[in-house]
Amino acid sequence: MADLETTAALAPLVTDFELATTSTPLHRAAGRLRAVLPPGWRVEIVDTPNRPDSDGAPILRVVLPQG
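Predicted, not measured: the structure shown is a model, and the values here were computed from it.

Engineer: Please set out the overall build of the chain residue by residue, giving values where relevant.
Structural biologist: For the chain, the helix and strand inventory stands at two helices and three strands. The helix and strand sequence of the chain, counted from the amino end, reads β-α-α-β-β. When burial is assessed residue by residue, the chain has 21% of its 67 residues classed as buried. On the chain, roughly 5,000 Å² of surface is accessible, and the fraction owed to carbon and sulfur atoms is 61%.

Right, dumping it as structure tokens:
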């Protein structure tokens, strides 16, 4: 799947179970961020494409609720 605004590939959405069983620094940070965000907000892990202005490492994106 691709994000049309940034043309970055989105990693598959991670379930709470996967967050509990997957322990990487990025997944732990996403879990802590999810815990403090208001209901309806999402945290996505985005794989950045290889670009000159990017080191290619995944980033966290906070998504506002729609509507």
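Engineer: Give me the lowdown on the pattern of salt bridges, citing residues and values where you can.
Structural biologist: Inspection of every chain in the model, using the stated rule, returns two salt bridges. The salt bridge involving Arg 61 is made with Glu 44; its shortest N-O contact spans 3.7 Å. Linking Arg 61 in strand β3 (residues 59-63) with Glu 44 in strand β2 (residues 42-47), this pair joins segments that are 17 residues apart in sequence.

Engineer: Can you explain the side chain of Glu 44? Please cite residues and give values.
Structural biologist: A relative accessible area of 8% means that Glu 44 is categorised as buried. Of note is the side chain of Glu 44, whose polar atom sits 2.5 Å from the side chain of Arg 42.

Engineer: Any chance you could break down a nonpolar patch on the surface for me, citing the residues and the numbers?
Structural biologist: Together, Trp 41, Val 62 and Leu 64 line one region of the surface with nonpolar side chains, adding up to about 260 Å² of accessible area. Along the chain, the position of Trp 41 falls in the loop between α2 (25-36) and β2. We classify Trp 41 as partly exposed; its relative accessible area is 32%.

The rules behind the values
Residues numbered from 1 in each chain as written. Predicted model: local features only at pLDDT ≥ 70, side-chain atom pairs only at ≥ 80, totals over all residues. Heavy atoms only, no water. Helix = DSSP H or I, 4+ residues; strand = E, 2+ residues; numbered from the N terminus. Buried < 20%, exposed > 50% of the residue type's maximum accessible area, 1.4 Å probe, protein only. Areas by Shrake-Rupley, 256 points an atom, 1.4 Å probe, with all protein chains shown as cover. Salt bridge = Lys/Arg side-chain N within 4 Å of Asp/Glu carboxyl O. Polar contact = N/O pair within 3.5 Å; in protein donor to acceptor, adjacent residues only side chain to side chain. Patch = residues over 30% accessible without salt bridge, like charges linked within 9 Å, V, L, I, M, F, W, Y side chains within 5 Å.

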